[in-house]
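Below, each chain spelled out in residue letters.
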Amino acid sequence: MGVVAVHCMGILVKCAHHFCNRFQKQFLDYGGAVMYGLEATPSACLRTHAIWGRRIVGLFLIITQLGFCCVYFVFLADNLKQVVSAANGTTNDCSPNRTVVMTPTMDSRLYMLSILPFVVLLTFIQNLKVLSIFSMLANVAMLGSLVVIYQYIVRDIPDPRNLPLAAAWKTYPLFFGTAIFAFEGIGVVLPLENKMKKPRQFPVILYVGMSIVTILYISLGVLGYLRFGADIQASITLNLPNCWLYQAVKLLFSFGIFFTYAVQFYVPAEIIIPPLVARVSERWGWLVNLLLRMALVCVTCVLAILIPRLDLVISLVGSVSSSALALIFPPLLEIATYYSEGMHPLVIAKDIAISLFGFVGFVVGTYEALVELVAPAATVVNATTVLVQ
């Protein structure tokens with residue numbers, strides 16, 4: 001899944017470069033690349049309605065990035081709730097056999113509302129270069145947390161022969177949504193390239209960076225499942241002991257996720273807000289800008305409150321929108337871009353196969369996520385047990 005997703009990112013970058021050179025443009029976003037791709041097709045119908053390519057991509061980008069933001073609200077609330085619940089019983093004893101009596105605390109939805117004002121203030125930062133500083137701090141925080149998490153889960157791994165070799169087929173669609181959610185960063189690929197001093201070096205940075213991410217995902221997922229088995233939670237941080245060291249790790253990871261929210265929020269904000277601000281006078285433009293940002297953040301918070309299950313939110317967002325952006329659109333864009341110039345039949349077959357794979361995952365993954373979402377709590381399958389395999 002990771003290899004295919006990164007390959008599709010490379011396709012998008014290649015097609016964007018092709019149209020930049022062809023039309024003498026310095027930069028093209030995802031929607032612009034799709035629009036020019038449709039204009040390059042032999043089909044007169046597609047050329048006439050090429051602008052809809054930009055609009056559809058913009059819609060999916062908004063859904064995907066705001067979906068990420070919803071996931072961050074749920075993650076922050078779950079981790080903060082666990083830290084607060086165990087605060088009175090937290091000690092320096094990090095033994096996994098030690099039982100901590102959890103103090104009753106407020107519902108996770110109330111934690112989401114509590115952090116809402118701070119997230120709103122964070123999204124008022126609109127400069128991508130400033131956000132990149134926060135992103136760097138977030139990456140450092142999460143990297144430090146991962147080091148501590150790794151050293152904990154590699155200790156005392158039980159006999160793996162007691163674990164099932166494979167999961168039920170019904171859970172694979174949920175895995176698809178979760179996996180594509182994890183690897184879908186295609187919405188910020190072209191904006192990041194545009195902000196680089198040496199954009200031509202971006203493909204190398206992309207492949208190296210995503211290779212590291214893929215190794216981290218696979219190793220953490222496998223080791224986490226071997227360590228915790230069926231008891232693994234939607235976020236592995238929730239499986240850590242309630243001692244001061246690992247409570248600090250949860251807070252540090254939450255700190256990183258908090259600042260990452262602003263980076264993910266940047267893309268939908270840039271799509272939605274500028275056209276609306278342009279309709280008001282310059283005098284009121286700044287106020288409308290801030291109000292719209294506040295409204296979008298509130299929307300993500302409300303959606304997170306309505307679906308407070310982290311595993312299902314991730315799978316649903318991944319299946320509904322991430323699959324389209326990461327797997328379905330890029331291969332079709334490559335065909336539209338280069339078909340009239342001549343393409344090898346194997347390349348066309350490869351692109352069609354990837355798009356069909358993404359479409360099947362989109363349909364089946366969305367269906368299964370919705371079924372699990374409406375299922376009674378007592379009958380819901382613990383999908384996370386499978387997703388980390």
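What counts and what doesn't
- Residues numbered from 1 in each chain as written.
- Predicted model: local features only at pLDDT ≥ 70, side-chain atom pairs only at ≥ 80, totals over all residues.
- Heavy atoms only, no water.
- Core = buried A, V, L, I, M, F, W, Y, C linked by side-chain atoms within 4.5 Å.
- Buried < 20%, exposed > 50% of the residue type's maximum accessible area, 1.4 Å probe, protein only.
- Helix = DSSP H or I, 4+ residues; strand = E, 2+ residues; numbered from the N terminus.
- Contact = heavy atoms within 4.5 Å.
- Lys, Arg positive; Asp, Glu negative; His and termini not counted.
- Salt bridge = Lys/Arg side-chain N within 4 Å of Asp/Glu carboxyl O.
- 1 Å grid on protein atoms, 1.4 Å probe; cavity = no way out; pocket = protein on both sides within 12 Å on 5 of 7 lines; lining within 4 Å.
- Points joined across faces, edges and corners; volume = space filled by probe spheres on them.
- Nonpolar A, V, L, I, M, F, W, Y, C, P; charged D, E, K, R; others polar.

**Side note on the nonpolar core**
Nonpolar side chains in soluble globular proteins generally cluster together in the buried interior.
No. 1: Counting 58 residues, the largest nonpolar core has Phe73, Met112, Ile149, Ile153, Tyr261, Phe265 and Val297 as its most contacted members.
No. 2: Every element with two or more residues in this core is listed here: helix H4 (51–85), helix H5 (108–123), helix H6 (128–153), helix H9 (202–228), helix H10 (244–277), helix H11 (282–306) and helix H12 (310–338).
No. 3: With 13 residues, the single largest contributor to this core is H10.
No. 4: Ignoring sequence-local partners within four residues, the contact set of tyrosine 261 consists of Cys69, Tyr72, Phe73, Val119, Thr123, Val297 and Thr300.

**Quick look at the side chain of lysine 250**
No. 1: Along the chain, the position of lysine 250 falls in helix H10.
No. 2: One buried charge, lysine 250, has no salt-bridge partner; the nearest side chain with opposite charge is aspartate 78, at 12 Å.
No. 3: Residues contacting lysine 250, with those up to four places away along its chain left out, are Asn79, Gln82, Val83, Thr237, Leu240, Pro241 and Asn242.

**Here we look at unusual backbone geometry**
No. 1: Its identity as a non-glycine residue notwithstanding, glutamine 24 has a phi of 55°, on the positive side.
No. 2: As for its placement among the helices and strands, glutamine 24 is situated in the loop between helix H1 (2–23) and helix H2 (30–39).
No. 3: Judged by relative accessible area, which is 71%, glutamine 24 ranks as exposed.

**A few points about empty space enclosed by the protein**
No. 1: Tallied over the entire structure, the rule returns 1 cavity of 30 Å³ or more.
No. 2: In this structure, the largest cavity encloses a volume near 40 Å³.
No. 3: Looking at the largest cavity, the residues that line it are Thr123, Ile125, Gln126, Leu131, Ala262, Phe265, Tyr266 and Arg293.
No. 4: Sort the elements by how many residues they give to the lining of the largest cavity and H10 lands first, with 3 residues.
No. 5: Here the lining of the largest cavity is composed, by residue class, of 5 nonpolar, 2 polar and 1 charged.

**Examining the layout of surface pockets**
Over the atoms, a rolling probe the size of a water molecule traces out where space has been left empty.
No. 1: If you add up the space inside the second largest pocket, you get close to 450 Å³.
No. 2: The wall of the second largest pocket is formed by 21 residues, among which Asp29, Leu61, Val267, Glu270 and Ile271 lie closest to the centre.
No. 3: Elements with a minimum of two residues in the lining of the second largest pocket: H2, H4, helix H8 (189–195) and H10.
No. 4: The element contributing the most residues to the lining of the second largest pocket is H4, with 6 residues.
No. 5: Residue composition of the lining of the second largest pocket, by class: 11 nonpolar, 5 polar and 5 charged.

Geometric descriptors of this kind do not, in isolation, establish any biological role.
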